[in-house]
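Single-letter residue listing:
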Amino acid sequence: MSRRPLVAGNWKMFKTRAEARAFAETLAENLAQADGVDLAICPPFTSIDVVATVLQGTGVGVFGQTGHENENGAHTGEVSMGMLVDAGASGVLLGHSERRADCAETDQALARKVPAALVAGLTPVLCVGESEFERDSGSTKAILDVQVREGLSGVPKDRLGDVVVAYEPIWAIGTGKSARPEIAQEAHAWIREELRSLAGDTADSMRILYGGSVKPETAAELMALPDVDGALVGGAALDALSLLAIAAAARP
Ligand code: PGA
């Protein structure tokens, strides 16, 4: 089954609005390099509208980095899925390991956030991944199974196909130590197996992205793996041409 690759750049807490605009303009001018690949940028909340405005009509997605499960309410510091849409977003990262660690974005909260994103019309990217300790103690598959199953537990079966999953081993994020291809493929195959138990054959059309120290130099061998359908990129996504080089490596 051929799945159109998705390459998403997660800016984390980087870039002013002026820097975000300059990035988006460079990206828009060089988009031909990513032909055949879906692209998305995940700016901080403050730059979503700037990036969405510059990239309007290009087909490039603009994703939030998290979102609250409620439509509104007394939740200081939070932004709802509807507010992300209002700012120009078409998707949202959920359960990034930094959010799980820093902001208690638990599997239970994700069970509410993922369906809330779908209801608002956003593409949710559910991030999962094991710590170094969990890998060393042989529990990677069990951890991934739980994160996928719990995170998707609130999604109606007929909407599972609209969810993207990102496998991001915590030990590979921001460390320069990307997973070796055989490690990435094994984890992606486990995740697809878990998706199959939830979604049946729809699992074959669901995209599973790899994230963790993806660089232009290492992207090609990761993107060529049978169950890797794109990348979630942090550090190397802060430069538009570097992100485009990764997208070029993901071209079918
Ligand atoms: P990295 O970050 O590419 O800098 O390792 C990936 C991520 O956290 O999504």
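Here the structure is a predicted model, which means the values were calculated and not measured.

Peer 1: Lay out the overall build of the protein with the relevant residues and their values.
Peer 2: Helix and strand counts for the protein come out as 10 helices and eight strands. Against the 2.2 N^0.38 benchmark of 18 Å for 252 residues, the protein shows a C-alpha radius of gyration of 17 Å, consistent with a compact globule. Counting only C-alpha atoms, the protein reaches 45 × 45 × 35 Å along its principal axes. Counting the 252 residues in the protein, one finds 53% classified as buried. Relative to all contacts within the protein whose residues are 6 or more apart in sequence, the contacts with residues 24 or more apart total 71%. Of the roughly 10,800 Å² that the protein leaves accessible, carbon and sulfur atoms contribute 51%. Here the protein contributes 22 positive and 34 negative side-chain charges, whose respective centroids are spaced 1 Å apart.

Peer 1: Requested: an account of the packing of aromatic side chains, with residues and values cited.
Peer 2: Here a ring pair, both rings aromatic, is described through the centre-centre distance and the interplanar angle of the planes. If you walk through the whole model with that rule in mind, you get two aromatic pairs. Geometrically, the ring pair formed by tryptophan 11 and phenylalanine 23 is edge-to-face, given 4.7 Å between the ring centres and 75° between the ring planes. Of this pair, tryptophan 11 sits in the loop between β1 (6-10) and α1 (17-29) while phenylalanine 23 sits in helix α1, and the two are 12 residues apart along the sequence. Per residue, the accessibility class of tryptophan 11 equals that of phenylalanine 23, and both read buried. Geometrically, the ring pair formed by tyrosine 167 and tyrosine 210 is tilted, given 6.3 Å between the ring centres and 55° between the ring planes. Of this pair, tyrosine 167 sits in strand β6 (residues 164-167) while tyrosine 210 sits in strand β7 (residues 208-211); the two residues are 43 residues apart in sequence, bridging distant segments of the chain.

Peer 1: Give a detailed account of α1, specifying residues and quantitative values.
Peer 2: Within an α-helix, residues lying three or four positions from one another point in the same direction, as the helix has 3.6 residues per turn. Here α1 spans 18 Å end to end across 13 residues, near enough to the 18 Å set by a 1.5 Å rise per residue. Taken together, the buried positions of α1 are occupied by Ala20, Phe23, Ala24 and Leu27. The buried residues of α1 occupy an angular sector of 95° when the element is viewed end-on, so they sit on one face. Exposed and oriented more than 90 degrees from the buried face of α1 are Ala18 and Glu29. On the buried face of α1, the contacting elements are β2 (38-42), α2 (48-54) and α10 (240-249).

Peer 1: Before we move on, can you summarise the nonpolar core with the specific residues and values?
Peer 2: Core analysis: the biggest nonpolar cluster contains 68 residues, and Leu27 and Leu39 have the highest contact counts within it. No other element matches helix α8 (residues 181-199), which puts six residues into this core. Not counting chain neighbours up to four residues away, the residues in contact with leucine 27 comprise Leu39, Ile41, Leu55, Val60, Ala240 and Leu244. Within the second largest apolar cluster, 12 residues are counted, among which are Ala8, Cys42, Cys127 and Val164.

Peer 1: Explain the site of the ligand residue by residue, including any values.
Peer 2: Near the ligand you find 13 residues, and of these Lys12, His96, Glu168, Gly174 and Ser213 are the closest. Note that an oxygen atom of the ligand is positioned 2.7 Å from one of the side-chain N or O atoms of lysine 12. Within the side chain of glutamate 168, one N or O atom sits 2.7 Å away from an oxygen atom of the ligand. Contact with the protein chains removes 96% of the 280 Å² of surface that the ligand exposes when unbound. A per-class count over the shell around the ligand returns four nonpolar, seven polar and two charged.

Peer 1: With reference to specific residues and values, describe the side chain of threonine 66.
Peer 2: Mapped onto the secondary structure, threonine 66 falls in the loop between β3 (61-64) and α3 (81-87). Reaching out from threonine 66, the side chain makes a polar contact with the side chain of glutamate 105 at a distance of 2.8 Å. Residues contacting threonine 66, with those up to four places away along its chain left out, are Phe45, Leu84, Val92, Leu93, Leu94, Arg99 and Glu105.

Peer 1: Please give an account of the packing of helix α7 (residues 140-151) against α8 that cites residues and values.
Peer 2: Running from N to C, α7 and α8 cross one another at 40°; their axes reach a closest spacing of 10 Å. On the basis of their axis angle, the class for α7 and α8 is oblique. Note that α7 runs across α8; the crossing there is right-handed. Counted together, Thr140, Lys141, Leu144, Asp145, Val148 and Arg149 of α7 and Ala187, Trp190, Ile191, Glu193, Glu194, Leu195 and Leu198 of α8 form the full contact between these two elements. A class-by-class count of the residues in the contact of α7 with α8 yields seven nonpolar, one polar and five charged.

Peer 1: How would you summarise unusual backbone geometry if you had to cite specific residues and measurements?
Peer 2: We note that lysine 15 has phi near 90°; this positive angle belongs to a residue other than glycine. For lysine 15, a relative accessible area of 22% gives the class partly exposed. Phi is positive for alanine 104, which is not a glycine, with a value near 50°. Inspection of the secondary structure assignment puts alanine 104 in the loop between α4 (97-103) and α5 (107-120). Taking relative accessible area as the criterion, alanine 104 reaches 53% and is therefore assigned exposed.

Definitions and cut-offs
- Residues take numbers from 1 onward in each chain, read along the sequence in its written order.
- Local features in this predicted model are restricted to residues of pLDDT 70 or higher, and side-chain atom pairs are both shown and tallied only at a pLDDT of 80 or more, whereas totals for entire chains, interfaces and linings draw on every residue.
- For side-chain calculations, the full set of non-hydrogen atoms in the structure is used, while hydrogens and water are omitted.
- Note on conventions: DSSP H or I runs of at least 4 residues are helices, E runs of at least 2 residues are strands, and numbering of each starts at the N terminus.
- C-alpha atoms define the radius of gyration in this analysis, and the globule rule sets the expected value at 2.2 Å times the number of residues to the power 0.38.
- Using a 1.4 Å probe on the protein chains alone, a residue whose accessible area is under 20% of its type maximum counts as buried, one over 50% counts as exposed, and one in between counts as partly exposed.
- We call two residues in contact whenever any of their non-hydrogen atoms come within 4.5 Å of each other.
- Residue-level accessible areas treat just the shown protein chains as cover; the underlying method is Shrake-Rupley with a 1.4 Å probe.
- Just so you know, the count uses Lys and Arg for positive and Asp and Glu for negative, and it drops His and the chain ends.
- Working definition for charges: the position is that of NZ of Lys, CZ of Arg, CG of Asp or CD of Glu.
- The rule is short: rings of Phe, Tyr and Trp, with Trp giving its six-membered ring, pair when the centres are within 6.5 Å, and they are stacked under 30 degrees, edge-to-face over 60, tilted in between.
- Expected span of a helix: the number of residues minus one, times 1.5 Å.
- By arc we mean the arc of the directions from the helix axis to the C-beta atoms, nothing more.
- Among buried residues, the Ala, Val, Leu, Ile, Met, Phe, Trp, Tyr and Cys ones that are joined through side-chain atoms within 4.5 Å form a nonpolar core.
- Neighbouring residues are identified by heavy atoms, a residue being near a molecule or strand if any of them is within 4 Å of it.
- Here a polar contact is taken to be a pair of N or O atoms separated by no more than 3.5 Å, where protein atoms must pair a possible hydrogen donor with a possible acceptor and residues adjacent in sequence count only if both atoms sit in side chains.
- Ten residues, namely Ala, Val, Leu, Ile, Met, Phe, Trp, Tyr, Cys and Pro, are considered nonpolar, four, namely Asp, Glu, Lys and Arg, are considered charged, and the remaining ones, Gly among them, are considered polar.
- Structural elements are reduced to axes, namely lines fitted to C-alpha atoms, with helices fitted over the stretch in contact, and the angle between N-to-C directions of any two is expressed from 0 to 180 degrees.
- Should an angle fall under 35 degrees it is called roughly parallel, over 145 degrees roughly antiparallel, and 65 to 115 degrees roughly perpendicular, with every other angle called oblique.
- Crossing handedness follows the turn of the near helix against the far one: under a right angle anticlockwise gives a left-handed crossing, and clockwise gives a right-handed one.

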